[in-house]
Amino acid sequence: MSVTAAPPSAIPNDISSVIEADRAHVWHHLLPHKPLETTDPRIIVEGKGMRVWDATGKEHLDAVSGGVWTVNVGYGREEIADAVRDQLVKLNYFANSAGSIPGAQFAEMLIDKMPGMSRVYYSNSGSEANEKVFKMVRQISQLRHGGKKYKVLYRERDYHGTTITALSATGQPQRAAQYGPYTPGFVEVPHCLEYRNQFPDAEDYGIAAANAIEEVILREGPDTVGLLCLEPITAGGGVITPPPNYWPRVQEICKKYDVLLHIDEVVCGVGRTGTWFGYQHYGIEPDFVTMAKGVASGYAAISCTVTTEAVFEMFKDDVSDPLHYFRDISTFGGCTAGPAAAIANMNIIVRENLLENTIAMGERFVKNLQGLAEKHRVIGDVRGKGLFCGAELVADRATKEPADEKKVQAVVADCMAQGLIIGATNRSLPGFNNTLCFSPALISTADDIDEITAGVDKALTRVFS
């Protein structure tokens, strides 16, 4: 990894006061804080393109787009920053009970990329976007089904956010642990990871995994199940690409039992997999699609709950009922910076052909990881779609015993020491937090991909030698 003395715009000579202010007052996300009593917190100072610099001036190649699959078009995009600045001085905010120019313009751009969808509801995080769907389904149950068709099915290993109700729909027990009691009416269905075979006698694994969903619907009672909520490709639960025939059968089951289908695109959306949305690889016709991270590449907070016109119509067909509309608000869904940034972000993806680049670089990434698997027997499985890839580490390929979580984290730490930021499943599935995760920006070059996998090669050699 190349290292420079300082990031492109020099950091202050002494930022010890910043470090101490962080240590004393900032409550970080996803981080145990006891170690920060004796070690400095990491402060990221600047980013340009694919790289970020920390407070010591050390350069890092970022292979996880801001740590959590977010900065799709890379750092330092003045075009997006200028669009946000210009919009803020014109109109920074008005509650979304009224419209705004960027809100209307981005909604039109977005729907153009989503045939079959028609309405965009703005909020400010993926958790909130998913929460809106759960509320809509509960209200539809009251309006159309006497309150009976209220249950939400979610999938083992999938993740949909951090609110209590979103955690009620998480298939990652460690993320939900200690936060109960949870919202009632959420029911888990089996995952579809063929590598962790739950249906050894199945002639077609995708069909078998989908049929397991039907079994849950029949067990719960089809007249009680209102929604199936799934990631198109599971993210933090192990980067799980669905087996062939899985999605067509899932769609068939939903239509058979009048179950609305919600696709959570918070990670996969806006180019990450080489299409605008991950579900578009599989011919899915969703009723709801949610998105957040890549919508504005982290340059402003924005999330979207997108629905069909059929869903929208359910909330407006009885004007005599004062409760017959979606009585919800997201305060920061009225911020104009989000859609302004999202417009510029989408323009960049189109102008620079980043979907095509994502497909090409994703193929290179998977090929490189498969090459590492030939060298390192600790890699049990390589999975991915576009620039959304994973490598599951095992102690034994024959038994598929997961690699020790401490060693998996040691690989991540070794890469960080090299100046390479990668991810790994963590605090998700007891005993199965063993998948290395990669989601570099859609601007990745062949050299970037090769540098990432070369760093992983070195880390695997040192940790598992």
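Residues numbered from 1 in each chain as written. Predicted model: local features only at pLDDT ≥ 70, side-chain atom pairs only at ≥ 80, totals over all residues. Heavy atoms only, no water.

(A) Local environment of the overall build of the chain. Scanning the chain from N- to C-terminus turns up 14 helices and 16 strands. Taking 2.2 N^0.38 as the reference for a compact globule, 465 residues should give roughly 23 Å; the C-alpha atoms of the chain span a radius of gyration of 22 Å, in line with that estimate. Dimensions of the chain along its principal axes, counting C-alpha atoms only, are 70 × 60 × 45 Å. In the chain, of all internal contacts separated by at least 6 residues, the share reaching a separation of at least 24 is 73%. Here the chain has roughly 20,200 Å² of accessible surface; of this, 54% comes from carbon and sulfur atoms. Each charge class in the chain can be summarised by its mean position, and for the 44 positive and 57 negative side chains these summaries are 2 Å apart. (Helix = DSSP H or I, 4+ residues; strand = E, 2+ residues; numbered from the N terminus. Rg over C-alpha atoms; globule rule 2.2 N^0.38 Å. Contact = heavy atoms within 4.5 Å. Areas by Shrake-Rupley, 256 points an atom, 1.4 Å probe, with all protein chains shown as cover. Lys, Arg positive; Asp, Glu negative; His and termini not counted. Charge placed at Lys NZ, Arg CZ, Asp CG, Glu CD.)

(B) Representation of helix 12 (residues 354-375). The first and last C-alpha atoms of helix 12 sit 31 Å apart over 22 residues, in line with the 32 Å expected at 1.5 Å per residue. Along helix 12, the residues that are buried comprise Leu354, Leu355, Thr358, Met361, Gly362, Phe365, Val366, Asn368, Leu369, Leu372 and Ala373. Axial view of helix 12: buried residues confined to an arc of 165°, hence all on one face. Opposite the buried face of helix 12, at more than 90 degrees from it, the exposed residues are Glu363, Lys367 and Glu374. (Expected span 1.5 Å × (residues − 1). Buried < 20%, exposed > 50% of the residue type's maximum accessible area, 1.4 Å probe, protein only. Arc of directions from axis to C-beta.)

(C) Main features of empty space enclosed by the protein. Scanning the model with the defined rule gives two cavities of 30 Å³ or more in all. Here the largest cavity is characterised by a volume of approximately 40 Å³. Considering the residues around the largest cavity, the lining is formed by Phe94, Asn96, Ser100, Gly103, Tyr122, Gly333, Gly334, Cys335 and Pro339. Here the lining of the largest cavity is composed, by residue class, of four nonpolar, five polar and no charged. Counted as a void, the second largest cavity has a volume near 30 Å³. Together, Tyr122, Ser123, Ala301, Ile302, Phe332, Gly333, Cys335, Gly338 and Pro339 line the second largest cavity. Every element with two or more residues in the lining of the second largest cavity is listed here: strand 4 (119-123) and helix 11 (337-351). (1 Å grid on protein atoms, 1.4 Å probe; cavity = no way out; pocket = protein on both sides within 12 Å on 5 of 7 lines; lining within 4 Å. Points joined across faces, edges and corners; volume = space filled by probe spheres on them. Nonpolar A, V, L, I, M, F, W, Y, C, P; charged D, E, K, R; others polar.)

(D) Summary view of helix 5 (residues 126-144). In this model helix 5 runs 27 Å from its N-terminal to its C-terminal C-alpha over 19 residues, within 8% of the 27 Å that 1.5 Å per residue would give. Looking one or two residues past helix 5, glycine 146 carries a phi angle of roughly 60°, positive in sign.

(E) Molecular detail of the sheet that holds strand 10 (residues 303-307). The strand order across the open sheet formed by seven strands is 4-10-9-8-7-5-6, and the pairing between neighbours is mixed. Single-partner strands in this sheet number two, and they are strand 4 and strand 6 (186-189). Strand-to-strand twist of the sheet, defined as the mean angle between neighbouring strand axes without regard to direction, takes the value 20°. As judged from the five bridges shared by strand 4 and strand 10, these two strands associate in the antiparallel manner. Within strand 10, the residue paired with arginine 119 across the bridge is threonine 307. The strands touched by helix 9 (residues 246-256) within the sheet are strand 5 (151-155), strand 7 (225-230) and strand 8 (260-264), with strand 7 carrying the most contacts at an inclination of about 165°. (Pairing = 2+ DSSP bridges. Axes fitted to C-alpha atoms, helices over the stretch in contact; angles between N-to-C directions.)

(F) View of the packing of aromatic side chains. A complete count under the given rule lists eight aromatic pairs for this structure. Between phenylalanine 277 and tyrosine 279 the ring centres are 6.2 Å apart and the planes differ by 25°, which places this aromatic pair in the stacked class. The residues phenylalanine 277 and tyrosine 279 share a single accessibility class, namely buried. The ring of phenylalanine 312 has arginine 119 lying over it, and the distance from NZ or CZ to the ring centre is 3.8 Å. Over the aromatic face of tyrosine 159 sits the side chain of arginine 175, whose NZ or CZ is 5.0 Å from the ring centroid. (Phe/Tyr/Trp six-rings, centres within 6.5 Å; stacked < 30°, edge-to-face > 60°. Lys NZ or Arg CZ within 6 Å of the ring centre and 35° of its normal.)

(G) Expanded view of the layout of surface pockets. Looking at the second largest pocket, its volume works out to about 380 Å³. Along the wall of the second largest pocket there are 13 residues; nearest its centre are Val120, Tyr121, Met136, Phe312 and Phe326. Going through the elements one at a time, strand 4 and helix 10 (309-313) are the ones with two or more residues in the lining of the second largest pocket. By residue number, the principal contributor to the lining of the second largest pocket is strand 4, which donates three residues. Across the lining of the second largest pocket, the residue classes tally to eight nonpolar, two polar and three charged.

Limitation: the analysis is restricted to geometry and does not speak to function.
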